[in-house]
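Residue-level structural notes
Each chain, written out:
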Amino acid sequence: MSENNNHLIWNLPKEPHSLLRTLDPLIGKWKITGPDIEGEVTYEWMEGGFFFIQKFDLQQDGHQKGIEYTGYDEETGTLRSRLMQTNGGRFTYTYEIDGDTFYYWFGDKGSDIYSRSTFSDDFNYFEGRWHWTNEDGTPGGYEFTARRIR
């Protein structure tokens with residue numbers, strides 16, 4: 001994601017980019033479970049609809065808590081985020097929802113560190129897997145499920 005859009009100060013878009021609306025199926029609160037993860041995630045729109053916000057509180061290799069802001073990135077034409085954790089982590093991710101498939105890449109779209117999930121027919125459940133290669137060259141990752149909390 002571009003660090004800023006200062007160059008657009010006199011020409012900011014009047015409406016949020018339509019690609020942002022593809023994230024609508026995530027809006028709400030979710031219970032995340034799996035062999036290596038447990039916790040809750042909430043997704044919501046910032047007032048104005050230009051930014052999608054994720055707040056998370058997870059148990060995974062210790063306690064992980066943080067917030068993420070996602071917007072349309074003019075430079076890449078993707079939905080890019082800035083994620084900040086209470087442990088000092090600050091990462092960039094790329095979102096994409098295509099039909100019932102949800103991709104969440106660490107860094108750029110197409111990264112070899114990514115999550116791929118599939119939504120249920122009613123979009124109240126998704127299951128997926130994180131994929132990566134460990135330092136020793138072996139495949140890594142874990143499976144998880146997310147259920148919408150009513």
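Residues numbered from 1 in each chain as written. Predicted model: local features only at pLDDT ≥ 70, side-chain atom pairs only at ≥ 80, totals over all residues. Heavy atoms only, no water.

1. Here's the deal with the overall build of the protein
In plain terms, the rule: Counting from the N terminus, the helices are the DSSP runs of H or I reaching at least four residues and the strands are the DSSP runs of E reaching at least two. We compute the radius of gyration over the C-alpha atoms and compare it with the globule rule, which gives 2.2 Å times the number of residues raised to the power 0.38. The contact criterion used is simple: two residues touch if any of their non-hydrogen atoms lie within 4.5 Å. Only the protein chains shown count as cover for residues, and the accessible areas themselves come from Shrake-Rupley with a 1.4 Å probe. Charged residues are defined here as Lys and Arg on the positive side and Asp and Glu on the negative side; His and the ends of the chain fall outside this count. For the purpose of locating charges, the reference atoms are NZ of Lys, CZ of Arg, CG of Asp and CD of Glu.
Along the backbone of the protein there are zero helices and 10 strands. Beginning at the N terminus, the succession of helices and strands in the protein can be written as β-β-β-β-β-β-β-β-β-β. Its C-alpha radius of gyration of 16 Å places the protein within 12% of the 15 Å reference for a compact globule of 150 residues. Across the protein, every contact between residues at least 6 apart in sequence was considered, and the portion connecting residues at least 24 apart equals 33%. For the protein, the exposed area adds up to about 9,000 Å²; of that, 49% sits on carbon and sulfur atoms. Across the protein, the 15 positively charged side chains and the 25 negatively charged ones have centroids separated by 5 Å.

2. Some details on the pattern of salt bridges
As a reminder of what qualifies: In the sections that follow, a salt bridge refers to a side-chain nitrogen of Lys or Arg positioned within 4 Å of a carboxyl oxygen of Asp or Glu. Throughout this description, buried means an accessible area under 20% of the type-specific maximum (1.4 Å probe, protein chains only), exposed means over 50%, and partly exposed covers the range between.
As enumerated under the stated definition, the model contains six salt bridges in all. Ionic pairing is found between lysine 109 and glutamate 96, a salt bridge with its closest N-O pair at 2.9 Å. Here glutamate 96 lies in strand S6 (residues 90-98) and lysine 109 lies in the loop between strand S7 (101-106) and strand S8 (114-119), a separation of 13 residues in the sequence. Taking relative accessible area as the criterion, lysine 109 reaches 47% and is therefore assigned partly exposed. Its relative accessible area of 24% is what places glutamate 96 among the partly exposed residues.

3. A closer look at the packing of aromatic side chains
As a reminder of what qualifies: Side-chain rings of Phe, Tyr and Trp, where Trp is taken by its six-membered ring, are said to pair if the distance between their centres is within 6.5 Å; with planes under 30 degrees apart they count as stacked, over 60 as edge-to-face, and otherwise as tilted.
Tallying each qualifying case throughout the model produces 20 aromatic pairs. A centroid spacing of 5.6 Å and a plane angle of 80° characterise the contact between phenylalanine 102 and phenylalanine 126, whose relative ring orientation is edge-to-face. Of this pair, phenylalanine 102 sits in strand S7 while phenylalanine 126 sits in strand S9 (residues 125-133), and the two are 24 residues apart along the sequence. The pair formed by phenylalanine 102 and phenylalanine 126 is uniform in burial state, with each residue classed as buried.

4. Some remarks on the side chain of threonine 70
Of note, threonine 70 is situated in strand S4 (residues 63-73). Under the relative-accessibility criterion, threonine 70 is labelled buried at 0%. Ignoring anything within four residues of it in the chain, the contact list for threonine 70 reads Leu20, Leu23, Phe50, Phe51, Phe52, Leu79, Arg80, Ser81 and Tyr95.

5. Section: the environment of arginine 116
Heads up, the condition is: Counted as a polar contact is a pair of N or O atoms within 3.5 Å, where, for protein atoms, one must be capable of donating a hydrogen and the other of accepting one, and residues adjacent in sequence contribute only when both atoms are in side chains.
For arginine 116, the position within the fold is in strand S8. With relative accessibility at 39%, the residue arginine 116 sits in the partly exposed group. Separated by 14 residues in sequence, arginine 116 and phenylalanine 102 place their C-alpha atoms 5.8 Å apart. Among residues more than four places away in sequence, those in contact with arginine 116 are Thr101, Phe102, Tyr103, Glu127, Gly128 and Arg129. In terms of polar contacts, arginine 116 uses its side chain to reach the side chain of tyrosine 103, at 3.4 Å.

6. A look at the sheet that holds S9
As a reminder of what qualifies: In this description, strands pair whenever DSSP reports at least two bridges between them. In this description, a line fitted to the C-alpha atoms serves as the axis of each element, helices being fitted only across the stretch in contact, and the angle between N-to-C directions of two axes falls anywhere from 0 to 180 degrees.
Overall, antiparallel pairing links the 10 strands, which are arranged S1-S2-S3-S4-S5-S6-S7-S8-S9-S10 in a closed barrel. Neighbour-to-neighbour, the strand axes of this sheet turn through a mean angle of 25°, independent of strand direction. Bridge count between strand S5 (residues 78-85) and S6: six bridges; the pairing is antiparallel. Among the inter-strand pairings, leucine 79 is bridged to a residue of S6, identified as tyrosine 95.

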